Amino acid sequence: MSAALPKSAEKSVESSSLEPSCRDTAAHALAVVRDGVITGEGPTTKGRVHFSRSIDADDTAWCKRILTAAAVNDQPVSRAEAEALFEINEAATERADGGRFDDLLAKAVAHYAASASGLKVPSRSVALAQDTDIESWAPSYASKVKSEMLEWIAGQMRGKRQNNRRLMALVATFLGATALPLAGQLPNVFDIGM
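Residues numbered from 1 in each chain as written. Predicted model: local features only at pLDDT ≥ 70, side-chain atom pairs only at ≥ 80, totals over all residues. Heavy atoms only, no water.

Turning our attention to the overall build of the protein chain. Counting its secondary structure elements, the protein chain contains 9 helices and 2 strands. When its helices and strands are written in sequence order, the protein chain yields α-α-β-α-α-β-α-α-α-α-α. The 194 residues of the protein chain split such that 51% are buried. For the protein chain, the computed accessible surface area is about 9,000 Å², with 49% contributed by carbon and sulfur atoms. (Helix = DSSP H or I, 4+ residues; strand = E, 2+ residues; numbered from the N terminus. Buried < 20%, exposed > 50% of the residue type's maximum accessible area, 1.4 Å probe, protein only. Areas by Shrake-Rupley, 256 points an atom, 1.4 Å probe, with all protein chains shown as cover.)

Printed below as a string of structure tokens:
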């Protein structure tokens, strides 16, 4: 089940132009969204007013559509896809999407971290759905997430302008359960009140 193509972009962008065939092409398509966020121009912004360095509901819908495309829906989110989402997060200094991108980023990163830790994850269309609480599938994995994954997430977040509170709360949950010794290394990333 793929997310719908943003209505304002339906006519201006061929459906197949950003339709991923694998996780690598999904990461590339997310880079196209990032470029549109940065410049306010490109295939994902055509037919609508888009300010540079801002993310809106259509940008988030593009990300979700790419991440839940049929070709990748039953595979875990890849590191390259998660990194592309972090790049979009950093590029967008303004938000006009009601927090949807932050939610999508946190869920996608949790999906990647859990799967890279060898844990079973739900399909992307379930895990990344706006109405799916991340707690419904991620908490049972918290005690088993590899510390390398937490270190990678911390590295992605360190020194960034945009701090995703949803993602920070998720990492704090993981830290509380699995990596208390790692917490001492992360104070520059976020304050978890330890």
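That covers the picture; the talk isn't over yet.
Quick look at the nonpolar core now. Nonpolar side chains tend to gather and get buried jointly when the protein is soluble and globular. Core analysis: the biggest nonpolar cluster contains 37 residues, and L30, C63, L85, I88 and V109 have the highest contact counts within it. If you list the elements that add at least two residues to this core, you get α2 (23–39), α3 (57–67), α4 (79–91), α5 (100–116), α7 (147–157) and α8 (165–178). Ranked by residues supplied to this core, first place goes to α5 with 8 residues. Sequence-distant contacts of V109, defined by excluding residues within four places in its chain, comprise A82, F86, W152, I153 and L167. (Core = buried A, V, L, I, M, F, W, Y, C linked by side-chain atoms within 4.5 Å. Contact = heavy atoms within 4.5 Å.)

Further remarks concern the pattern of salt bridges. Taken as a whole, this structure holds 9 salt bridges when the rule is applied. R48 is the salt-bridge partner of D56, the closest N and O atoms lying 2.4 Å from each other. Accessibility expressed as a relative area gives 15% for D56, which makes it buried. We classify R48 as buried; its relative accessible area is 15%. A cluster of three or more residues bridged by salt bridges with shared partners is formed by R48, D56, D58 and D59. (Salt bridge = Lys/Arg side-chain N within 4 Å of Asp/Glu carboxyl O.)

Mapped onto the secondary structure, T45 falls in the loop between α2 and β1 (54–56). At 3.4 Å, the side chain of T45 and the backbone oxygen of G40 are in polar contact. Residue contacts for T45: discarding those within four places in its chain leaves G36, G40 and H50. (Polar contact = N/O pair within 3.5 Å; in protein donor to acceptor, adjacent residues only side chain to side chain.)

The residue A84 is located in helix α4 in this model. C-alpha separation for the pair A84 and L30, spaced 54 residues apart in sequence, amounts to 6.0 Å. Every residue in contact with A84, bar those within four places of it in the chain, is listed here: A27 and L30.

Looking now at the packing of α3 against α5. For the pair α3 and α5, interaxial distance at closest approach is 9 Å and the crossing angle is 25°. The orientation of α3 with respect to α5, classified from their angle, is roughly parallel. Classified by chirality, the crossing of α5 by α3 is left-handed. Taken together, the residues of α5 that come into contact with α3 (itself represented by A57, T60, C63, K64 and L67) are R100, F101 and L104. (Axes fitted to C-alpha atoms, helices over the stretch in contact; angles between N-to-C directions. Parallel < 35°, antiparallel > 145°, perpendicular 65-115°, else oblique. Left-handed = near helix turned anticlockwise from the far one by under 90°.)

Now for the layout of surface pockets. Of the volumes computed, that of the largest pocket is approximately 230 Å³. T60, A61, K64, R100 and Q130 are the residues nearest the centre of the largest pocket, which is lined by 12 residues in total. Listing elements by their share of the lining of the largest pocket, those giving two or more residues are α3 and α5. Tallying contributions element by element places α3 first for the lining of the largest pocket, with 4 residues. Counted by class, the lining of the largest pocket contains 6 nonpolar, 3 polar and 3 charged residues. (1 Å grid on protein atoms, 1.4 Å probe; cavity = no way out; pocket = protein on both sides within 12 Å on 5 of 7 lines; lining within 4 Å. Points joined across faces, edges and corners; volume = space filled by probe spheres on them. Nonpolar A, V, L, I, M, F, W, Y, C, P; charged D, E, K, R; others polar.)

So, on to the packing of α2 against α4. Remark: α2 packs on α4, axes separated minimally by 8 Å, with the N-to-C direction vectors making an angle of 5°. Regarding the angle of α2 to α4, the classification is roughly parallel. Each of R23, A26, A27, L30, V33, R34, V37 and I38 in α2 lies in contact with α4, whose residues at this interface are A80, E81, A84, L85, E87, I88 and A91. Residues that form the contact of α2 with α4 fall into these classes: 11 nonpolar, no polar and 4 charged.

For the structure shown, the criterion picks out 2 aromatic pairs. Between F86 and W152 the ring centres are 5.7 Å apart and the planes differ by 75°, which places this aromatic pair in the edge-to-face class. With F86 in helix α4 and W152 in helix α7, the pair connects residues that are 66 residues apart, well separated along the chain. You'll find F86 and W152 in the same group, each marked buried. Taking 5.1 Å as the distance between ring centres and 70° as the angle between the ring planes, the aromatic pair formed by Y112 and W152 counts as edge-to-face. With Y112 in helix α5 and W152 in helix α7, the pair connects residues that are 40 residues apart, well separated along the chain. An aromatic cluster is present here, built from F86, Y112 and W152 joined pairwise through their rings. (Phe/Tyr/Trp six-rings, centres within 6.5 Å; stacked < 30°, edge-to-face > 60°.)

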